[in-house]
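Commentary on secondary and tertiary structure
If you want the building blocks of each chain, they are given just below.
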Amino acid sequence: MATQGKEAQGDVPTRRVELVVALLVVAGGVVVVVDSLRVGIAWAEDGPKAGYFPFFIGVILMLAGGLIAVQTLAAWRRRAGEVFVTREELTPVLKMLTPTIVYVVAIYFIGIYVASAIYIAGFMLWQGKFRWWTTAAASLGVPIALFLLFEIWFLVPLPKGPLEAWLGY
Amino acid sequence: MLEDVGNLMQGFAVALTWKNLVFMLVGIFLGVLIGVLPGLGGANGVAILLPLTFSMSPTSAIIMLSCIYWGALFGGAITSILFNIPGEPWSVATTFDGYPMAQQGRAGQAMTAAFTSSFVGALFAVILITFLAPLVAKFALKFGPPEFFAVQFLTFCSFVGMGREPPAKTIVSMMVGFALAAVGLDTVTGTLRMTFGATELLQGFDFLVAVIGLFGLGEILLTMEEGLAFKGTKGKIDLNVVLKTWKELPRFWMTSLRACLIGCWMGITPGGATPASFMSYGMAKRFSKDGDKFGEGQIEGVVAPETAAHAAGTSALLPMLTLGIPGSPTAAVLLGGLLIWGLQPGPLLFVEKKDFVWGLIASMYLGNVVGLIVVLTTVPFWAAILRIPFAIIAPVIVVICAIGAYTVHNKMFDVAMMVVFGVVGYLFKKLKYPLAPLVLALVLGDMAETAFRQSMLLSGGTMTVFFSNGLVGSIMVLALGILLWPLLGRLRAWLRAREDAAAAT
């Protein structure tokens, strides 16, 4: 509260995130209501139509999201000092999230085992600054263990890429 | 009553095979591991391992999965006491007195107290389940669609009325769950809802994927934000400490009993283990004669929250088994498992699948005994695991979450969704939207909708069907009462403030 009205450079204020999420909730509610109206919210010959129940859900979503938005706006001044996440906190979160998104996209192309090995190795080198042999042991050991567990013992096929195809799996 | 004891003995015969005992041990071990590691908890741990159990017999599978749950409940205490990091939300209250005890060199004592009270709480809840579940199931056989909807309504109202979060946010979280549950093919009319032409959405959103994302990746993101350093004390337990602590514990029987009752109440009405542990800690602090020393390392401050958390976690299975309504996210995942094995939880389960139900209940007794022994003997090992740097653990957990999300339906789309749910989980957690109602609504959405529609069919479209007889009427009134409870409190505060203002002028 000491920093009332003033936000440090790069800090994300809570009130703004709160408002955005509340408005997204309202938007979600609108989507649900519109789609329910499309499939019909009335009574057909054999009972209620498909939109009957979701329509209420959408309406409640809009109301509850709207309430939170209004409450946030009403307390806009008072909540000026609240920081949702500081820049120092946001950096590690993004450093986690970005590689994860890349990892998931990579699974499409090179399969989950190779992608996991690269992901673990990359993360360890980038964030942990481990010695290369620790990195190699963890990043190769985990996918190999997973391969044995899923493909060989439990016979649960996971996404595979060119390397596994080359090895005959 | 006698019949139940007989059934239970038969259950022990089912559960006490070598094969099932091994599954129990494996389950407890995995469970403690999940409980100790950040980002993996009871709910998403069970969700990830669920697909691996499809090839087992349902009884063995549920025994192993429920043991993972007990293990996770035990494991949360280890990190709280040694590292001041709650491995699970319900062990936050354990850090208040557990960590100071560890700093004073009494970690062994604190952990013995925590594990023993967990065991006592769970045992109390299992005994309650043994004798209450058959009665509830018998009673619920009379339920029609309106009654089922009313009970589900009660479940969701108690989230709003009894949660610690702002009611509007609880409602949002719940409705998001219901909305996501409605996506896809409507089973009654065959209409496509909210798919917007995307074939990936035909089957809708699977709650297992949501659980893995919300609780797994979301938790990892939060842990990253808080920093990676684990600074902890050494954990060691020897027989001497255990025996000495056990001699001390009976003094706290009153605290323990109170915690058991709070826990069971919060577990059956889905308040959940986390509020139960806080409530129990608060009560113990108020009633204890050493109340003002709480927070400085009182054993009683460890006993109270741990007992309540375990009692709540265990009794959450009672409504899951008897009514098909889970009392916690983990119970919801177990329910999902039952559905996949073709077992419909609910009152009929007690009639049609007697072996299974009583085998499971018997395994709850055995699992907790096994769990207590395992955790007491393996603490140093778990403490060592926590010394592995987070920069290794974090990516490995994300990999495991990705695999878990993929194996639910063998779809890459689910892995992408898991990441989305992870971000949602992070945002919701930081903005104090509760996650449990979202998961439960996603699980129960279809069931609640079906019950609602059938009720409407019965009545021809009027809401009066929910007050048409004494049973459904009283459940609805109770539900509405709980729903409006926070409003009442606010009204009273407002009236008092006005009185004060009037008195001042």
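Below or above, wherever it landed, is the structure these notes cover. Here the structure is a predicted model, which means the values were calculated and not measured. (Residues numbered from 1 in each chain as written. Chains lettered and ligands numbered in written order. Predicted model: local features only at pLDDT ≥ 70, side-chain atom pairs only at ≥ 80, totals over all residues. Heavy atoms only, no water.)

**Details of the overall build of chain B**
Within chain B, the regular secondary structure consists of 21 helices and 2 strands. For a compact globule of 505 residues, the expected C-alpha radius of gyration is about 23 Å, and chain B comes in at 23 Å, within 12% of that figure. Across the 505 residues that make up chain B, the buried fraction comes to 62%. Intrachain contacts of chain B at a sequence separation of at least 6 include 78% that bridge at least 24 residues. The positive charge centre, built from 30 side chains, and the negative charge centre, built from 26, are 6 Å apart in chain B. (Helix = DSSP H or I, 4+ residues; strand = E, 2+ residues; numbered from the N terminus. Rg over C-alpha atoms; globule rule 2.2 N^0.38 Å. Buried < 20%, exposed > 50% of the residue type's maximum accessible area, 1.4 Å probe, protein only. Contact = heavy atoms within 4.5 Å. Lys, Arg positive; Asp, Glu negative; His and termini not counted. Charge placed at Lys NZ, Arg CZ, Asp CG, Glu CD.)

**Structural notes on the packing of helix H1 (residues 14-39) of chain A against helix H2 (residues 52-74) of chain A**
Residues and elements named next belong to chain A. It is the contact of H1 with H2, at a shortest axis distance of 8 Å, that shows an interaxial angle of 160°. Taken together, H1 and H2 sit at an angle that is classed as roughly antiparallel. H1 and H2 meet at a crossing whose hand is left-handed. (Axes fitted to C-alpha atoms, helices over the stretch in contact; angles between N-to-C directions. Parallel < 35°, antiparallel > 145°, perpendicular 65-115°, else oblique. Left-handed = near helix turned anticlockwise from the far one by under 90°.)

**Overview of the packing of helix H3 (residues 42-49) of chain B against helix H15 (residues 329-340) of chain B**
All names here are of chain B. Look at H3 against H15: their axes get within 8 Å of each other, and the N-to-C directions meet at 15°. Put simply, H3 runs roughly parallel to H15. Where H3 crosses over H15, the two elements pack in a sense that is left-handed. Between H3 and H15, the residues in contact are Gly42, Ala43, Val46 and Ala47 and Pro329, Thr330, Val333 and Leu334, respectively.

**Description of the interface of chain A and chain B**
Accessible area lost when the parts come together is the quantity often used to give the size of an interface. On the chain B side, the residues contacting the 58 residues of chain A number 55 residues. Summed over both partners, the interface of chain A with chain B comes to about 5000 Å²; 84% of that surface belongs to carbon and sulfur atoms. Ranking the residues of chain A by area buried against chain B places Phe53, Phe84 and Met96 of chain A at the top, with a combined share of 12%. Salt-bridge contacts for Lys169 of chain B lead to Glu18 of chain A; the nearest nitrogen and oxygen are separated by 2.7 Å. The tally of links between chain A and chain B comes to 5 residue pairs in polar contact (both at pLDDT 80 or more). Broken down by secondary-structure element, the contributors of at least two residues to the side of chain A that touches chain B are H1, strand E3 (47-48), H2, strand E4 (83-85), helix H3 (87-128) and helix H4 (132-153) of chain A. Top contributing element to the side of chain A that touches chain B by residue count: H3 of chain A, with 19 residues. (Buried area = accessible area lost by both parts, 1.4 Å probe. Salt bridge = Lys/Arg side-chain N within 4 Å of Asp/Glu carboxyl O. Polar contact = N/O pair within 3.5 Å; in protein donor to acceptor, adjacent residues only side chain to side chain.)

**Considerations on unusual backbone geometry**
Residues and elements named next belong to chain B. The backbone of Asn410 sits at a positive phi, close to 55°, despite the residue not being glycine. Inspection of the secondary structure puts Asn410 in the loop between helix H18 (390-409) and helix H19 (412-430). Despite not being glycine, Lys432 shows a phi value in the positive range, around 65°. Structurally, Lys432 is set in the loop between H19 and helix H20 (436-459). Accessibility expressed as a relative area gives 56% for Lys432, which makes it exposed.

**Notes on the pattern of salt bridges**
According to the stated counting rule, one finds 12 salt bridges over all chains in the structure shown. Arg193 of chain B is paired through a salt bridge with Asp186 of chain B; the nearest N and O atoms lie 3.9 Å apart. Accessibility assignment for this pair places Arg193 of chain B and Asp186 of chain B in one class, buried. The structure contains a network of salt bridges with shared partners spanning Glu18, Arg79 and Glu82 of chain A together with Lys169 of chain B.

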